[in-house]
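Given next are the chains, with one letter for each unit.
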Amino acid sequence: MVGKVLSVRPTIDASAKLYETRLGARRFSEEIADRLARLAWWDWDHDKLREALPHFRKLGIEDFLAAYEARANSPRSSKKSAIA
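## Points about the nonpolar core
The nonpolar side chains of soluble globular proteins are, as a tendency, buried together. The biggest cluster of nonpolar side chains holds 10 residues, and these are I32, L36, L39, W44, A52, L59, F64, L65, A67 and Y68. Mapped by element, the contributors of at least two residues to this core are α1 (30-39) and α3 (61-73). No other element matches the 4 residues that α3 contributes to this core.

Structure follows, in structure tokens:
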């Protein structure tokens with residue numbers, strides 16, 4: 001379900017379930033969703049997230065993934081790299 005947008009709307013009909021969910025349109029392609037899942041940025045520590053915040057904000061998803069996948073695959077991945 002990575003990359004899906006969920007929509008939740010309450011239902012007031014007594015015979016229906018209290019909440020219904022619908023899967024919305026994908027925000028990212030399957031390939032991008034897979035790459036995000038492998039990167040698992042949500043598991044990063046607070047310092048790494050704080051450092052990456054400007055890149056989250058200004059880079060497109062492809063550039064963000066390319067930069068941070070390269071960092072993850074770097075032999076010196078614990079060192080800071082210069083990402084513009």
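Once the structure has been displayed, the description carries forward.
## Here's the deal with a nonpolar patch on the surface
Side chains of W41, W42, L53 and F56 sit close together on the surface and give an oily, nonpolar patch of about 360 Å² of accessible area. A relative accessible area of 34% means that L53 is categorised as partly exposed.

## Describing the packing of aromatic side chains
Enumeration according to the criterion identifies 7 aromatic pairs in this entry. Of the aromatic side chains, those joined through ring pairs into one cluster are W41, W42, W44, F56, F64 and Y68. Note that K48 overlies the ring of W44, its terminal NZ or CZ placed 4.4 Å from the centroid.

## Regarding unusual backbone geometry
One non-glycine residue with positive phi stands out, namely A40, at about 50 degrees. With respect to the helices and strands, A40 occurs in the loop between α1 and α2 (46-58). Classification of A40 by relative accessible area gives buried; the value is 16%.

Cut-offs used in this document
- Residue numbers restart at each chain and count upward from 1, following the sequence in its written direction.
- In keeping with the predicted nature of the model, local features appear solely for residues at pLDDT of at least 70, side-chain atom pairs appear and are counted solely at 80 or more, and the whole-chain, interface and lining totals rest on all residues.
- Only hydrogens and water are set aside; all other atoms, that is, all heavy atoms of the structure, feed into the side-chain values.
- Joining through side-chain atoms within 4.5 Å is the link that ties buried Ala, Val, Leu, Ile, Met, Phe, Trp, Tyr and Cys residues into a set, and such a set is a nonpolar core.
- To sort residues, take the accessible area from a 1.4 Å probe on protein chains only and compare it with the maximum for the residue type: under 20% means buried, over 50% means exposed, and anything in between is partly exposed.
- Secondary structure elements are defined from DSSP: runs of H or I of at least 4 residues count as helices, runs of E of at least 2 residues count as strands, and each element is numbered from the N terminus.
- Candidates for patches are residues over 30% relative accessible area with no salt bridge; among them, like charges are joined within 9 Å and nonpolar side chains (Val, Leu, Ile, Met, Phe, Trp, Tyr) within 5 Å.
- Residue exposure ignores everything except the shown protein chains as possible cover, and the areas themselves are Shrake-Rupley values with a 1.4 Å probe.
- A pairing counts as a salt bridge when a side-chain nitrogen of Lys or Arg comes within 4 Å of a carboxyl oxygen of Asp or Glu.
- Two aromatic rings from Phe, Tyr or Trp, using only the six-membered ring of Trp, form a pair when their centres are within 6.5 Å; if the ring planes differ by under 30 degrees the pair is stacked, by over 60 it is edge-to-face, and anything between is tilted.
- Placement of a charge over a ring requires the Lys NZ or Arg CZ to be within 6 Å of the ring centre, with the centre-to-atom vector within 35 degrees of the ring normal.

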